[in-house]
Structures are given as structure tokens and as C-alpha cells.
Amino acid sequence: MTHCNPKHLLSCWYQFDAVANHMDPTRSDEFIHVKQHHGQDGRTDSMPIQYSESIMLMRQDSPVTIIAFAGISQAFGGIPPFNFVRALGNAKANIIFVRDPNNKWFGNPIPDLGDSTLEMAANLRLIVNELNTNQLCLMGISSGAFAALMFAALIEDPCRVLAFSPQTCIRPSFLNMIGDSRYNQKLHGRRDSEVQDVLPLLETAINIEKIHAILGKQDPLDVHHIQRLSDLPNVVTHIIECGHNTAGYLKKRRLLQSAIDRFIHCDDQGFSTMLYEEITIL
């Protein structure tokens, strides 16, 4: 798929009306099992949804667009579920959920997204522009956070990034140096010609207004990854008392949705203040 017409791309997706917060984000096919919600007045509260294997788009009449990248599937050979479906269910924004069925950090061809990382970025940008976006936010966890950082630079539109426990470099030499063998099996077979290190992209990107990076203090490997971004002036790093699953920890503390809302609304001070009791700001 090369630089497709976004209208043609969207017309190829299945379409139906649904409510985001009735989706189960733990399922790889959660977009199929959606029920319409009927309000107390008997009306159906619904929003238009379009989806393919790798992308699910929820359209709203909003100038804000969020791209949420899923992390890799923990199941052997499994397709990762779309992430943050519940947390973004009530967001007043267009939401593009993206996942890599190959579990290769978006480094191998994805039939309905693109044959290369640059092509994927170009196609995502076409969709963003089709939605008449004035404010773009990208977010993800783990490998999805790597994707959010990477595509933020490649899409080139003004944007903000919320990265939960991101990998910042998946080059084997770096992973071996810090003793990070967590992803060896998943990374096997990923094309070496694609982006392996987001730092050079972020150092030259002038479109990224702010990056909020959240990581768990109990995962020293994640600390190694995020320390590489410490000299970037637009990066704010937050450390919380948990392991790799920072988004899950905040969800249990009932802070995830509020944190995302403040991020979307560019309330950086409120973002940090609200999490003050849980987070130490470096």
C-alpha cells in the first residue's frame, strides 16, 4: 500500500455504530464484540467506528486526534489487542487505535498500513489530515510507546507524546550492553533497515511540543532506555513506584484516565500536580 487516498482507505474498512467503553481491551477481537449502549431516554448513544486488522478509527466532531499504539502481544503468535480502548472511551477526540499484528515494532510490512515505516507514517498522516486535525496526540506503552515516539517524528505534524515505559533503542548491540533480553524472540526477523533507535529522530524533530515519559522505578532496564532522552528539552520524565506496566499501575490507582485527559488538554502542570503523590519528577 503506497501513499493511499485516505478516503479510499477508510472506505475499505468495515463500519458500524458502537460505544467505545463497551469494548474489552483484553481481547484481540474486541472491536467485533461491541454492543450499543441505550441511554435512560431510550436513545442509542453511539459513534461511527471503522476498523481493519491493524487500525480502528473512532470519529467524533472534534479538532483533536489521538493515535494510540498498542504494545506487543505476550501470547506466542498472538495479535496484540488495541490498547487504551476503555481509558479513551469518553475522550472528546477522534481516536486512531493502531497495532502491529507482526509484533515487530512496526518494522515489517503491515498490509493495511504500509510496506515500510515511512509509508506507515505517510498513511497515518493522511488519515490525520482527513480528520481536519488541529491538535495531534500520540501515545503508547512499551513497544507501542517506541512507535509513538518514532511516528511523532516521522509524521512531522505538530504533536504531543505520552509514552508509558518506552523502549528507545532496540538495536541488538544496545540491548546486549544494558542486559535487556526481554524482546530477543519478538525482535527476531524484524528488518534492520527500519528505525531501531528513536533518539536521532527526536533530536532533529522540531514538531514535537512535549513528551511525557512515564516509567516504573522497579524496572531498571526501562530506566536505561529513558535516560537516553534526558538531554532533550521537550521531554519530561516521571518515575512511579511500580514495574514495567506503568499504565496498568495507574489504572489500578484510578489515575490513568485523569492523566490522559490532562495530557490531551495540554495541562502539563495539572498532569504533574495530579500525580504528585505517586510520581517523582526528575
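The model shown is predicted, which means the values in this text are computed figures rather than measured ones.

Engineer: Explain unusual backbone geometry to me, and be specific about the residues and the numbers.
Structural biologist: Unusually for a residue other than glycine, Asn132 sits at a positive phi of about 55 degrees. Residue placement: Asn132 occurs in the loop between α2 (117-130) and β8 (135-141). For Glu156, which is not glycine, the phi dihedral falls at a positive 75 degrees. Within the secondary structure, Glu156 sits in the loop between α3 (143-155) and β9 (159-164). Relative accessible area serves as the criterion here: at 52%, Glu156 is assigned to the exposed category.

Engineer: So, the pattern of salt bridges: which residues are in play, and what are the values?
Structural biologist: What the rule picks out here adds up to 11 salt bridges. Where Arg182 meets Asp219, a salt bridge forms, and the shortest distance between an N and an O atom there is 3.1 Å. In this pair, Arg182 is assigned in the loop between α4 (172-178) and α5 (184-187) and Asp219 in the loop between β10 (208-216) and α7 (220-227), connecting sequence segments 37 residues apart. A relative accessible area of 32% places Arg182 in the partly exposed class.

Engineer: Lay out the side chain of Glu194 with the relevant residues and their values.
Structural biologist: Secondary-structure assignment places Glu194 in the loop between α5 and α6 (199-204). Within the structure, the side chain of Glu194 is placed 3.0 Å from the side chain of Thr117, a separation counted as a polar contact. When sequence neighbours within four positions are dropped, the list of residues in contact with Glu194 reads Gly107, Ser116 and Thr117.

Engineer: Which residues make up the environment of Ile127, and what values go with them?
Structural biologist: You can see Ile127 is positioned in helix α2. Distance from Ile127 to Ile96, taken between C-alpha atoms, is 8.9 Å for residues 31 residues apart in sequence.

Engineer: How would you explain α3 if you had to name every residue and give the values?
Structural biologist: Between its terminal C-alpha atoms α3 stretches 18 Å, which fits the 18 Å expected from 13 residues at 1.5 Å a residue. Extensive coverage of α3 is indicated by the burial of 13 of its 13 residues. Looking at the residues trailing α3, positive phi occurs at Glu156, about 75 degrees.

Engineer: Break down the packing of aromatic side chains for me, citing the residues and quoting the values.
Structural biologist: For the structure on display, the rule yields six aromatic pairs. Taking the centre distance of 5.7 Å and the plane angle of 90 degrees together, the rings of Phe106 and Phe151 count as edge-to-face. In this pair, Phe106 is assigned in the loop between β7 (94-98) and α2 and Phe151 in helix α3, connecting sequence segments 45 residues apart. By relative accessible area, which is 1% here, Phe106 ends up buried. Overall, Phe151 belongs to the buried group, its relative accessible area being 0%. Taken together, the ring pairs in this structure connect Phe69, Phe106 and Phe151 into an aromatic cluster. The ring of Phe82 carries Arg99 above its face, with NZ or CZ at 3.9 Å from the centroid.

Rules used throughout
Residues numbered from 1 in each chain as written. Predicted model: local features only at pLDDT ≥ 70, side-chain atom pairs only at ≥ 80, totals over all residues. Heavy atoms only, no water. Helix = DSSP H or I, 4+ residues; strand = E, 2+ residues; numbered from the N terminus. Buried < 20%, exposed > 50% of the residue type's maximum accessible area, 1.4 Å probe, protein only. Salt bridge = Lys/Arg side-chain N within 4 Å of Asp/Glu carboxyl O. Polar contact = N/O pair within 3.5 Å; in protein donor to acceptor, adjacent residues only side chain to side chain. Contact = heavy atoms within 4.5 Å. Expected span 1.5 Å × (residues − 1). Phe/Tyr/Trp six-rings, centres within 6.5 Å; stacked < 30°, edge-to-face > 60°. Lys NZ or Arg CZ within 6 Å of the ring centre and 35° of its normal.

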